[in-house]
Amino acid sequence: MTRSDGYLLDNRQSEAGQRFDAFATLFDPTTFRHLEGFGVGPGWRVWEVGVGGTSVASWLAKKVGPTGKVVATDIDTSQVASVARPPIEVRVHDVGAEEPPGEGFDLVHARLVLVHVPDRERALHSMIKSLRSGGRLLIEDADAALQPLLCPDEHGPEQQLANRLRHGFRELLAARGADLSYGRRLPRLLREAGLRRVEADAYFPVTSPACAALESATVRQIRDQLVTAGLATNEDIDRHLANVASGAMDLATAPMISAWGRKG
């Protein structure tokens, strides 16, 4: 993520940890499946970009062991400070504006990061630059425009309200430079950047307790911005949060598209 006064979801807000926990529940199985497929193991040097929470960095640390290294970077490392011990090195770093924090990495990974970075092209080329020949790049990002609804089954007023608030959230993200259709372009961008053996897949959770936890934390985190922008009232938000807490709605997330390839 790139440091900007316009960034909507601050890691230091109390809801950030809840969002990272929900992301871990929803997306770690997909991420770990891909990483396992790459054969991540002892001695690997890994750059985890926009680390956010601790789950991926901790998993990687166990895989690379004491002879490996995991460089975990973000513009705000407050959520990951607790795991800042070998083989994990935590650094404050802006992937869209600074040089890579090293070179010769065996693996570079970023999840739900580049969609928020204004200079996504520079960030992507920085990550590729940091890889050794034959090194792997795994980028996982959402495509909110591909599936824009919180409730794909919009069958009542509760779901209509939920989708209206989700639309407002997307407006706030777009106004801050987020690319809501970035995920679908990843395979092409990786090929155009010279990576070989590019593949991609997608994961689309439709309903789960983690989807509800993510929605509740996100709406509470952006509540003031929604109201200030005239996208919702406090009454709308209170009603929606109560609807989410009831457990009676099927809440989805945007599809997460994973794309990967090797540096030539």
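Above this note sits the structure.
Residues numbered from 1 in each chain as written. Predicted model: local features only at pLDDT ≥ 70, side-chain atom pairs only at ≥ 80, totals over all residues. Heavy atoms only, no water.

Trainee: So what exactly am I meant to see when it comes to the overall build of the chain here?
Mentor: Helices and strands together make up the secondary structure of the chain, namely seven helices and seven strands. Starting at the N terminus and walking to the C terminus, you meet the elements of the chain as α-β-α-β-β-β-α-β-α-α-β-α-α-β. Expected size for 264 residues packed as a compact globule is a radius of gyration near 18 Å; at 18 Å, the chain falls within 12% of this value. Projecting the C-alpha coordinates of the chain onto the three principal axes gives extents of approximately 55 × 35 × 30 Å. By the burial criterion, 57% of the 264 residues in the chain qualify as buried. At a minimum sequence separation of 6, the contacts of the chain that also span at least 24 residues come to 77%. When the accessible area of the chain is evaluated, it comes to approximately 11200 Å², of which 50% is carbon and sulfur surface. (Helix = DSSP H or I, 4+ residues; strand = E, 2+ residues; numbered from the N terminus. Rg over C-alpha atoms; globule rule 2.2 N^0.38 Å. Buried < 20%, exposed > 50% of the residue type's maximum accessible area, 1.4 Å probe, protein only. Contact = heavy atoms within 4.5 Å. Areas by Shrake-Rupley, 256 points an atom, 1.4 Å probe, with all protein chains shown as cover.)

Trainee: What is the right way to read helix α6 (residues 209–228) from this model?
Mentor: Residue pairs spaced three or four apart in an α-helix point in one direction, given the helix's 3.6 residues per turn. Between its first and last C-alpha, α6 extends 29 Å over 20 residues, near the 28 Å set by a 1.5 Å rise per residue. Along α6, the largest kink reaches about 55° and is centred on I222. Of the residues making up α6, those classed as buried are A210, C211, L214, E215, S216, A217, T218, V219, Q221, I222, R223 and L226. The secondary structure elements touched by the buried residues of α6 are α1 (14–38), α4 (157–175) and α7 (234–246). (Expected span 1.5 Å × (residues − 1). Bend = angle between axes of the 7 residues up to and from the residue.)

Trainee: I tried to follow the packing of α4 against α6 on my own but got confused; where do I start?
Mentor: Any two packed helices are characterised by how steeply their axes cross, that is the angle between the axes, and by the distance between the axes. For the pair α4 and α6, the least separation of the axes is 11 Å and the interaxial angle reads 65°. The chirality of how α4 crosses α6 is left-handed. Taken together, the residues of α6 that come into contact with α4 (itself represented by L165, R166, G168, F169 and L172) are E215, T218, I222, Q225 and L226. The residue inventory of the contact of α4 with α6, partitioned by class, reads five nonpolar, three polar and two charged. (Axes fitted to C-alpha atoms, helices over the stretch in contact; angles between N-to-C directions. Left-handed = near helix turned anticlockwise from the far one by under 90°. Nonpolar A, V, L, I, M, F, W, Y, C, P; charged D, E, K, R; others polar.)

Trainee: How should the pattern of salt bridges be read in this particular structure?
Mentor: If the charged atoms of two oppositely charged side chains come close together, the side chains can form a pair. The full count for this structure, using the stated rule, is 15 salt bridges. The shortest N-O distance in the salt bridge between E89 and K69 comes to 2.8 Å. Here the residue E89 occupies a position in strand β3 (residues 88–92), and K69 occupies one in strand β2 (residues 69–74), the gap between them amounting to 20 residues. What makes E89 partly exposed here is its relative accessible area of 25%. Among the ionic pairs, D143 bridges to R184, the shortest N-O distance being 2.8 Å. Within this pair, whereas D143 is found in the loop between β5 (131–142) and α4, its partner R184 is found in the loop between α4 and α5 (186–192), the two being separated by 41 residues in sequence. Judged by its relative accessible area of 0%, D143 falls in the buried class. The class for R184 is partly exposed, based on a relative accessible area of 42%. Taken together, the shared-partner salt bridges in this structure form one network comprising K69, E89 and R91. (Salt bridge = Lys/Arg side-chain N within 4 Å of Asp/Glu carboxyl O.)

Trainee: I tried to follow the side chain of H34 on my own but got confused; where do I start?
Mentor: The residue H34 is located in helix α1 in this model. Here H34 falls in the buried class, since its relative accessible area comes to 5%. When neighbours within four sequence positions are excluded, H34 is seen to be in contact with L138, E140, D201, S258 and W260.

Trainee: Just to check I follow, could you spell out unusual backbone geometry for this structure?
Mentor: Cis geometry is found at the peptide bond from P86 to P87, where omega equals 10°. Look at L112: it is not a glycine, yet its phi comes out positive at around 55°. Considering the arrangement of structural elements, one finds L112 in the loop between β4 (105–111) and α3 (120–129). Unusually for a residue other than glycine, R197 sits at a positive phi of about 50°. With respect to the helices and strands, R197 occurs in strand β6 (residues 196–203). When its relative accessible area of 58% is taken as the criterion, R197 is described as exposed.

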